[in-house]
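What follows is each chain in one-letter form.
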Amino acid sequence: MNTMSYKGYAAKIEYSDEDDCFIGHIAGINDIVGFHANSVAELHASFEEAVDDYLQTCTKIGKSPQKPYSGKIMLRISPEIHARAAMIAEAQGKSLNSWVSELLSRVHISER
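Please read all numbers here as calculations on a predicted model, not as lab measurements.

### Digging into the overall build of the protein
Okay, step 1: Counting its regular elements, the protein contains three helices and four strands.
Okay, step 2: Shown N-terminal to C-terminal, the secondary structure of the protein runs as helices and strands in the order β-β-β-β-α-α-α.
Okay, step 3: Whereas a compact globule of 112 residues would reach a radius of gyration of roughly 13 Å, the protein reaches 18 Å, over 25% beyond that.
Okay, step 4: The buried share of the protein, taken over its 112 residues, is 25%.

### Looking at the pairing of strand 2 (residues 9-16)
Okay, step 1: Note: strand 2 against strand 3 (residues 21-27), seven bridges, orientation antiparallel. When the sheet's bridge partners are listed, A11 is paired in strand 3 with I26.
Okay, step 2: Count of turn residues in the strand 2/strand 3 antiparallel hairpin: four residues, of which D20 carries a positive phi of about 55 degrees.

### Considering helix 1 (residues 40-61)
Okay, step 1: Relative to the 32 Å expected for 22 residues at 1.5 Å per residue, helix 1 spans 31 Å between its end C-alpha atoms, a close match to the ideal helical length.
Okay, step 2: Within the span of helix 1, buried status applies to L43, H44, S46, F47, E48, A50, V51, Y54 and C58.
Okay, step 3: G62, located one to two residues past helix 1, shows a positive phi value of around 75 degrees.

### Quick word on a negative patch on the surface
Okay, step 1: Residues D17, E18, D19 and D20 make up a contiguous surface patch of negative charge.
Okay, step 2: Here E18 is to be found in the loop between strand 2 and strand 3.
Okay, step 3: Given a relative accessible area of 78%, E18 falls into the exposed group.

### Focus: helix 2 (residues 79-91)
Okay, step 1: Counted at 1.5 Å a residue, the expected span for helix 2 with its 13 residues is 18 Å, and the 18 Å between its end C-alpha atoms agrees.
Okay, step 2: G93 lies just past helix 2 and shows a positive phi near 70 degrees.

### Quick word on the nonpolar core
Okay, step 1: In terms of nonpolar packing, the biggest core is built from 16 residues, with I26, F35 and F47 touching the most fellow members.
Okay, step 2: Counting residues per element, the ones that place at least two in this core are strand 1 (2-6), strand 2, strand 4 (34-37) and helix 1.
Okay, step 3: Broken down by element, the residue count for this core peaks at six residues, all from helix 1.
Okay, step 4: Leave out the neighbours within four places in its chain, and F47 touches M4, S5, Y6, Y9, A10, A11, I26 and F35.

### Some words on unusual backbone geometry
Okay, step 1: Even without being a glycine, K7 presents a positive backbone phi close to 50 degrees.
Okay, step 2: Structurally, K7 can be placed in the loop between strand 1 and strand 2.
Okay, step 3: Since its relative accessible area comes to 47%, K7 is described here as partly exposed.
Okay, step 4: The backbone of D20 sits at a positive phi, close to 55 degrees, despite the residue not being glycine.

Quick notes on the rules
Residues numbered from 1 in each chain as written. Predicted model: local features only at pLDDT ≥ 70, side-chain atom pairs only at ≥ 80, totals over all residues. Heavy atoms only, no water. Helix = DSSP H or I, 4+ residues; strand = E, 2+ residues; numbered from the N terminus. Rg over C-alpha atoms; globule rule 2.2 N^0.38 Å. Buried < 20%, exposed > 50% of the residue type's maximum accessible area, 1.4 Å probe, protein only. Pairing = 2+ DSSP bridges. Expected span 1.5 Å × (residues − 1). Patch = residues over 30% accessible without salt bridge, like charges linked within 9 Å, V, L, I, M, F, W, Y side chains within 5 Å. Areas by Shrake-Rupley, 256 points an atom, 1.4 Å probe, with all protein chains shown as cover. Salt bridge = Lys/Arg side-chain N within 4 Å of Asp/Glu carboxyl O. Lys, Arg positive; Asp, Glu negative; His and termini not counted. Charge placed at Lys NZ, Arg CZ, Asp CG, Glu CD. Core = buried A, V, L, I, M, F, W, Y, C linked by side-chain atoms within 4.5 Å. Contact = heavy atoms within 4.5 Å.

Below you can see the structure in the form of C-alpha cells.
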C-alpha cells in the first residue's frame, strides 16, 4: 500500500489498469472522500484539493471534520512479543507506551 499525507490526513493510493489512472481515498475516516489523477504530480494536487474541499464542506454544513485517528491504539500481539517489548522498554528506562510511540514515530509517510 502506498500513502500520502496532508494536513494530518493520509490517503490510500491504488492504480486502476482499467481506468488507466491513480485512484485514492482518504484513510481512517468514515466519510468517503476519493480523488483520481493521471500522474503522480496531479495525484498530489488532487489529494490536497480533496482534503481542502472536505474541510471546507464540513465548515459550510456545520459539521466537525472527522479526525483520522484518536491517538489511541490497541494491538493484539502474542504474550511473548508483549513481554519482550515491555522488557526492552524497561531496560531503556521507558514505559512501553513511550517506547512504542518512539518506534512508530520513526515510520515516515511523505508529506507534501
